[in-house]
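# Coordinate inspection notes
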Amino acid sequence: MNLETLPLQLRNAIVDLFPPALQWFVHHLLTITVILTVFGLFFAFTTIAERKLLARLQNRLGPNRAGLPWFPKLKLWGITQPFADAIKAITKEDIVPAAADKVLHFLAPVLIVAFSLLGFAVLPFGRNLIPVELDAALLYFFAAGAATELAIFMAGWGSRNKYSLLAAMRALAQLISYELPLILSVVPVVMVCGTLSTKAIAAAQGGWTFGLLPHWHVFTPWGFAAFIIFLIATLAESNRSPFDLPEAESELIAGHLTEYSGFKYALFFMAEYFGLTALSGLGVTLFLGGWQAPCEFLQFIPSYLWFMIKLVGMIVFFIWVRGTLLRLRIDQLTRLSWKFLVPLALLNLGNGAFWALTPDWTGPLVLARWAISAAIVVVPFVLLGRRLTAGQAPRSYRYA
Amino acid sequence: MISPLQLFLIVSSLLFCVGLIGALARSNTILVLLGIELMLNAANLNFIAFWRYGPHPAAATGMMFVLFSIAVAAAEAAVGLALIIAVHRHRRSVRLQEANSLKG
Amino acid sequence: MIALLLIALLILGAASAAILSRNLIHSALLLVGAWAGIAAFYLWAGAEFVAFAQALVYVGAVSMVVLFAVLLTRQGATRAPVEYDSVKRAVFAFIVAGGVAGVLVGAIMGSPLQGHIASPTPAVSVKQLGLLLMGSYAPALLIVGVLLTVALLGAIVIAAEEKG
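Residues numbered from 1 in each chain as written. Chains lettered and ligands numbered in written order. Predicted model: local features only at pLDDT ≥ 70, side-chain atom pairs only at ≥ 80, totals over all residues. Heavy atoms only, no water.

### So, the overall build of chain A
When you go through chain A residue by residue, the secondary structure sums to 13 helices and 2 strands. For a compact globule of 400 residues, the expected C-alpha radius of gyration is about 21 Å, and chain A comes in at 23 Å, within 12% of that figure. Each of the three principal axes of chain A carries a C-alpha extent, and together these read 70 × 65 × 45 Å. Partitioning the intrachain contacts of chain A with sequence separation of at least 6 by distance along the chain shows that 74% fall at a separation of at least 24. Accessible surface for chain A amounts to roughly 20,100 Å². Of this, 71% is attributable to carbon and sulfur atoms. Counting 29 positive and 21 negative side-chain charges, chain A places the averaged centre of each group 10 Å from the other. (Helix = DSSP H or I, 4+ residues; strand = E, 2+ residues; numbered from the N terminus. Rg over C-alpha atoms; globule rule 2.2 N^0.38 Å. Contact = heavy atoms within 4.5 Å. Areas by Shrake-Rupley, 256 points an atom, 1.4 Å probe, with all protein chains shown as cover. Lys, Arg positive; Asp, Glu negative; His and termini not counted. Charge placed at Lys NZ, Arg CZ, Asp CG, Glu CD.)

Here is the structure:
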């Protein structure tokens, strides 16, 4: 029994049970079912992990009461909370405003979940585990992601509520502003690897120096800069704190989701987490070596487990950020994107080109390659940061 | 029975005519622009059809043309809609017939 | 082939509904459906890269610009109704479009196009496309880059509020 190929063997065994004409269909249906199950459960446990971790960061306990229905003695630290929440969301009354555009109001939550799930199709979850092998996988990923903006607009417009509409416009302004640094931060990876296929990009990060230092893109100057930009843009694209102003729970009435209740609201919530998970998965694939093990001697752990470990790491990082940083204002948010992240991402493009042109520098030239590449990132970062914060720092908060 | 190529061409010509109706019959400038976008898309469909069923699919000329055409269409949409917003600011109207102050 | 017919019907239906609709927002959203259908057509024909580019540019970008323009030029009413200009114009437009459609479809059905079928889906990889773009099409790519930059700046200058 080989753990590495176990999922494939299982799939082939199930597919072989069906007549040959149906095998193609069963194959894809099985893939879809597995993705939905795994990431549905992942979503459920992300919510409970987030609530627990945030609670710990804020010095409280978090949800710890939900147990099992027939065993009231068993508390299980409250990890069945998401299922209780799901039942609550399904049984709640679904309120549709009388003046609403009924079709769009209904379509918005359905479409946003569908679109946010599309991205999972091209993520390489393991050495041999990729749902669809596409030559232009990255382009597909961003095309699918861009469609979620339409669903947000539908939600804002369909509710026929001026607060919903205004909030939807603000959310769209944020999404469009951060789409740019997100895509620009990915382009250097494409340039260095010479491919748009996620599978090839994950495979290109194989190998170790001395068997210990992995050749992941995040461990190069351009890759590190691109990864940081990618992380910030991901936070903003998935409406996470500190960029959660479209729905800012504590000051707005949930923005474009004002007129949604019950299961439809839960669908939006779900789509947000699916989007975050898909983008984190892309980040893992592009910068953190995908399914590659960090050290040579750790290869006995199957590749798909490595992918999930890294994915969980990214999610925990995002929860940590949410518990730590304060929310930005809309002008600070757009300024950060257009005046800081976009220029840096553009410069990093040149950095990636430099790295792609100099793979044959050996001996002492390797040091020069690293030094030049690091300088291209660090010098503009310092200069730009100084200029943009001139006269602003240090701040004093009177009421904090 | 019609061949896929003919189906492609018929869809594209019907799409072109739908766009033409939009550009001629409607008075809202945004809809006129959208009609023109549809006509552009119909032309792109033709490029892909003749690339796919033409004599030299490996040269990818049709695909190239469509890529450039999409880029130009995006620029056109951006500038066109900016113009509409500017006109709307001055005249408080998006009716194409009312933007006639330069008419001789 | 049946899939192709279905997509074709979807595109044409969405496009006609969009052009005839009285609600501008519905028009724009239906057109997005038509554009997505066209991307599906490209995908069926084997032009993967072009299909995703179409989806990214039209569904992601142009639709947003259109929707923002609709909202920014709205006049009070939430329904944003748009009247047909005049019956005469509409009838005239339908006659012209019908004539054009008749001529085009007649020409297509009359041409000997059956000879070109067969050839399996040509496999043009993204790498080949990239080499072409950077090779013989490099000047065109440069010009498109300049065009997009100029269009972006021009759009900002035109749409920006004048100060003072």
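### Quick word on the interface of chain B and chain C
Quoted interface sizes are often the accessible area lost when the parts come together. Chain B puts 71 residues into the contact, and the matching count from chain C is 80 residues. Where chain B abuts chain C, roughly 7,000 Å² becomes buried across the two surfaces, and 77% of that area is made up of carbon and sulfur atoms. Per-residue buried area on chain B facing chain C is highest for Arg26(B), Arg52(B) and Phe68(B); these three make up 9% of the total on that side. Summed over the shared surface of chain B and chain C, the number is 0 salt bridges. On inspection of chain B and its partner chain C, the count reaches 9 residue pairs in polar contact (both at pLDDT 80 or more). Partitioned by chemical class, the residues of the side of chain B that touches chain C number 51 nonpolar, 14 polar and 6 charged. (Buried area = accessible area lost by both parts, 1.4 Å probe. Salt bridge = Lys/Arg side-chain N within 4 Å of Asp/Glu carboxyl O. Polar contact = N/O pair within 3.5 Å; in protein donor to acceptor, adjacent residues only side chain to side chain. Nonpolar A, V, L, I, M, F, W, Y, C, P; charged D, E, K, R; others polar.)

### Looking at the environment of Trp70(A)
Residues and elements named next belong to chain A. For Trp70, the position within the fold is in the loop between α2 (20–57) and α3 (81–91). Residue classification places Trp70 among the exposed residues on the basis of a relative accessible area of 73%. Through-space distance from the C-alpha of Trp70 to that of Ile176 is 49 Å; in sequence the pair is 106 residues apart. (Buried < 20%, exposed > 50% of the residue type's maximum accessible area, 1.4 Å probe, protein only.)

### Brief notes about the arrangement of the chains
Of all 2 pairs of chains that touch, the greatest number of contacts is found between chains B and C. The two units chain A and chain B are non-contacting; their minimal C-alpha-C-alpha distance is 14 Å.

### Notes on the domain arrangement of chain A
Residues and elements named next belong to chain A. Segmentation of chain A into domains returns domain 1 (1–91) and domain 2 (98–384). Taking the mean C-alpha position of each, domain 1 and domain 2 sit 23 Å from one another. Listed as interface residues are 23 residues of domain 1 and, on the opposing side, 28 residues of domain 2. Carbon and sulfur atoms supply 80% of the area buried between domain 1 and domain 2, which totals about 2,200 Å² over both sides. At the junction of domain 1 and domain 2, the tally comes to 2 salt bridges. A salt bridge links Arg322 to Glu50; the shortest N-O distance between them is 2.8 Å. Our enumeration of links across domain 1 and domain 2 arrives at 4 residue pairs in polar contact (both at pLDDT 80 or more). (Domains from an automatic or database assignment.)

### With respect to the packing of aromatic side chains
For any pair of aromatic rings, the description rests on two quantities: the centre-to-centre distance and the angle between the ring planes. Going through the model one piece at a time under the given rule, you end up with 29 aromatic pairs over all chains. Ring centres 5.4 Å apart and planes at 50° place the aromatic pair Tyr178(A) and Phe243(A) in the tilted group. Placement of the pair is Tyr178(A) in helix α7 (residues 162–193) and Phe243(A) in the loop between α9 (221–237) and α10 (262–287), with a sequence separation of 65 residues. Comparing Tyr178(A) with Phe243(A) shows no difference in burial state: the two are buried. The interplanar angle of 80° and the centroid separation of 4.7 Å between the aromatic rings of Phe8(B) and Phe41(C) together place this pair among those described as edge-to-face. Taken together, the residues span two chains, with Phe8(B) in helix α1 (residues 4–25) and Phe41(C) in helix α2 (residues 24–45). The same class applies to Phe8(B) as to Phe41(C), namely buried. These aromatic residues form a ring-pair network of at least three members: Phe39(A), Phe42(A), Phe43(A), Phe120(A), Phe125(A), Phe269(A), Tyr273(A), Phe274(A) and Phe307(A). (Phe/Tyr/Trp six-rings, centres within 6.5 Å; stacked < 30°, edge-to-face > 60°.)

### Examining the interface of chain C and chain A
Facing 23 residues of chain C, the contacting portion of chain A comprises 23 residues. Carbon and sulfur atoms make up 80% of the surface buried where chain C meets chain A, a total of about 2,100 Å² over both sides. The three residues of chain C that bury the most area against chain A are Phe52(C), Leu56(C) and Met64(C), which together make up 26% of that side's buried surface. Taken together, chain C and chain A are joined by 0 salt bridges. The interface formed by chain C and chain A includes 3 residue pairs in polar contact (both at pLDDT 80 or more). Looking at which element gives the most residues to the side of chain C that touches chain A, the answer is helix α3 (residues 48–72) of chain C, with 13 residues. Looking at the side of chain C that touches chain A residue by residue, the class counts come to 14 nonpolar, 5 polar and 4 charged.

### A few points about the domain arrangement of chain C
By domain assignment, chain C separates into domain 1 (1–82) and domain 2 (125–164). Between the C-alpha centres of domain 1 of chain C and domain 2 of chain C the distance comes to 23 Å.

### What about the pattern of salt bridges?
Residue and element names in this part refer to chain A. Summed over the entire model, instances satisfying the criterion amount to 8 salt bridges over all chains. Across the salt bridge formed by Arg335 and Asp331, the nearest N and O atoms sit 3.8 Å from each other. Within this pair, Arg335 and its partner Asp331 are both found in helix α12 (residues 330–357), separated by 4 residues, close to a single helical turn. Accessibility expressed as a relative area gives 36% for Arg335, which makes it partly exposed. Here the salt bridges share partners, and the residues they tie into one network are Glu50, Arg240 and Arg322.

### Looking at the packing of helix α2 (residues 29–53) of chain B against α3(C)
Viewed as axis vectors pointing N to C, α2(B) and α3(C) meet at an angle of 175°, and their least axial separation amounts to 12 Å. As judged from the angle between their axes, α2(B) and α3(C) are roughly antiparallel. In this structure, α2(B) contributes Ile30(B), Leu34(B), Glu37(B), Asn41(B) and Ile48(B) to the contact, and α3(C) contributes Val50(C), Gln54(C), Tyr58(C), Val66(C), Ala69(C) and Val70(C). Its residues assigned to classes, the contact of α2(B) with α3(C) shows 8 nonpolar, 2 polar and 1 charged. (Axes fitted to C-alpha atoms, helices over the stretch in contact; angles between N-to-C directions. Parallel < 35°, antiparallel > 145°, perpendicular 65-115°, else oblique.)

### Examining the side chain of Asn348(A)
Residue and element names in this part refer to chain A. For Asn348, the position within the fold is in helix α12. Look at Asn348 and you get buried, because its relative accessible area is 3%. If near-sequence neighbours (up to four positions away) are discounted, Asn348 is found in contact with Pro188, Trp222, Ala225, Ala226 and Val377.

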